[in-house]
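Structural overview
The chain contents come next:
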Amino acid sequence: MKGIMKGLGVTLKSMTQKKITYAYPDVPLKMPDRFRGIQHFDPEKCIVCNQCARICPTECITLTGKANPDPEKKGKVIDTYDINFEICILCDLCTEVCPTEAIVMTNNFELSSYSRDDLFKNLEWLNENNQNIRQENNSAMPKGGAKKDV
C-alpha cells in the first residue's frame, strides 16, 4: 500500500508541472553552438593530407587524390571523399586536425533513412551540406586560447 501511495504522489506531482513538448517536424529545433552534427566538406580547400582519415577512430572516412592536372602547381587534388555515417560517431576529430578547415561540423543532424546504403555520403553530398555551419569553425575566428566575451 505504501508503494502505491508513493507512486500516485509522483504521478500527481508530474501532472501539475508545465508540459514540455516540441513541434519538431514542423518547427526545427535550435541546437546549441557546440553541437556536433553532420560534416560539411569544401573540396577547394582540401590538400589531400589524409589526416582526417588517419585520426578517425571508426575509419569511416575514405579519400583519394590525384596529381594536379596543372603541371605548374604542386600537390594533389581531391578525387573522392566519402564518409560512412552508419559507423561515424560525429566525434569532431576530423575537423580538429584539418589544417585548411576543408571539413567542418554543422548543426544538421537529420540522417534518418530506411536503407543503410543511404548513410554512405560522397563528396558532392558533403559539399552541398552547407546549412547551419558552426560559426567557430570559420577561419575568421581567432585561433587558440580561450575566447574572450566582448
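My aim in this report is to walk through the structure given alongside it, one point at a time. All values reported here derive from a predicted model rather than from experimental measurement.

1. Side note on the pattern of salt bridges
Applying the stated criterion across every chain, the model contains 2 salt bridges. With its nearest N and O atoms 4.0 Å apart, the salt bridge here joins Lys-66 to Asp-79. Highlighted residues: Lys-66 in strand β2 (residues 61-67) and Asp-79 in strand β3 (residues 76-84), separated in sequence by 13 residues. Assessed through its relative accessible area of 44%, Lys-66 is described here as partly exposed. Among the ionic pairs, Glu-86 bridges to Arg-116, the shortest N-O distance being 3.1 Å.

2. Here we look at unusual backbone geometry
Positioned with a positive phi, Asn-50 is a non-glycine residue whose angle comes to about 65°. Take Asn-50: it is sitting in the loop between β1 (39-41) and α2 (51-55). Of the residues examined, Asn-50 reaches a relative accessible area of 29% and is grouped as partly exposed. With a phi angle near 50°, Leu-90 is a residue other than glycine that sits in the positive phi range.

3. With respect to the nonpolar core
Core analysis: the biggest nonpolar cluster contains 22 residues, and Phe-41, Ile-61, Ile-78, Tyr-81, Ile-83 and Phe-85 have the highest contact counts within it. Every element with two or more residues in this core is listed here: β2, β3 and α4 (123-128). Ranked by the residues each element gives to this core, the list is headed by β3, at 3 residues. If we ignore the near neighbours within four places in the chain, the residues touching Phe-41 are Cys-46, Ile-78, Tyr-81, Ala-102, Ile-103, Leu-123, Leu-126 and Asn-127.

Cut-offs applied
Counting of residues starts from 1 at the beginning of each chain's written sequence and follows it residue by residue. Per-residue local features of the predicted model are confined to residues with pLDDT of at least 70, and side-chain atom pairs are confined, for both listing and counting, to 80 or more; whole-chain, interface and lining totals are unaffected and use all residues. No hydrogens and no water enter the side-chain calculation; it runs on all heavy atoms of the structure. Just to be clear on terms, a salt bridge is a Lys or Arg side-chain nitrogen sitting within 4 Å of an Asp or Glu carboxyl oxygen. For the purposes of this entry, the term helix denotes a DSSP run of H or I that reaches at least four residues, the term strand denotes a run of E that reaches at least two, and both are numbered from the N terminus. Exposure is judged per residue with a 1.4 Å probe applied to protein chains only, and the accessible area is read against the type maximum: over 50% gives exposed, under 20% gives buried, and values in between give partly exposed. For our purposes a nonpolar core is just a set of buried Ala, Val, Leu, Ile, Met, Phe, Trp, Tyr and Cys residues, chained together by side-chain atoms within 4.5 Å. The criterion used for residue contact is that any of the two residues' heavy atoms lie within 4.5 Å.

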